[in-house]
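A look at the structure
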Amino acid sequence: MLKFIKHNMDTISGIEIYPIIALIIFFVFFAGLTLWVYTYKKDKIKELSQLPFEEELEMNNVSKK
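As the structure is a prediction and not an experimental result, all values here were calculated from the model.

Each value, and the rule that gives it
- Residues numbered from 1 in each chain as written.
- Predicted model: local features only at pLDDT ≥ 70, side-chain atom pairs only at ≥ 80, totals over all residues.
- Heavy atoms only, no water.
- Helix = DSSP H or I, 4+ residues; strand = E, 2+ residues; numbered from the N terminus.
- Buried < 20%, exposed > 50% of the residue type's maximum accessible area, 1.4 Å probe, protein only.
- Areas by Shrake-Rupley, 256 points an atom, 1.4 Å probe, with all protein chains shown as cover.
- pLDDT = per-residue confidence, 0-100.
- Expected span 1.5 Å × (residues − 1).
- Phe/Tyr/Trp six-rings, centres within 6.5 Å; stacked < 30°, edge-to-face > 60°.

Points about the overall build of the protein chain
Along the backbone of the protein chain there are three helices and zero strands. Mapped from its N terminus to its C terminus, the protein chain presents α and β elements in the order α-α-α. Taken across its 65 residues, the protein chain has 0% of its residues classed as buried. Total accessible area computed for the protein chain in this model is approximately 6,700 Å², and 70% of it derives from carbon and sulfur atoms.

A short note on the confidence of the model for the protein chain
When pLDDT is averaged across the protein chain, the result is 84; 86% of the residues are at 70 or more. Ranking the elements of the protein chain by mean pLDDT puts helix H3 (residues 42-64) last, at 77, and helix H2 (residues 17-39) first, at 95.

Section: H2
Helix length check: H2 (23 residues) gives 33 Å between terminal C-alpha atoms against 33 Å at 1.5 Å per residue, within 8%. By the criterion of burial, H2 is predominantly exposed, with just zero of the 23 residues buried.

Things to note about the packing of aromatic side chains
Within the structure shown, the criterion is met by three aromatic pairs. Plain terms: the ring middles of Phe29 and Phe30 are 5.0 Å apart, the flat faces sit at 85 degrees to each other, and that makes the pair edge-to-face. Joined through ring pairs, the aromatic side chains of Phe26, Phe29 and Phe30 make up one cluster.

Below, the structure is given as structure tokens:
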């Protein structure tokens, strides 16, 4: 099966650029994501991590009344 695909790929001119473009997109995306994660403010992360607990406390307070 692979040799049929390889033969078709060899006959297409200019196809060798696509894996390079895919690698660049992959690298830029994950490098940007890593940069965004490391520069995100710790207060905002802490605030977002407490949201599920706040909703749970609100639900418990409403059900107790």
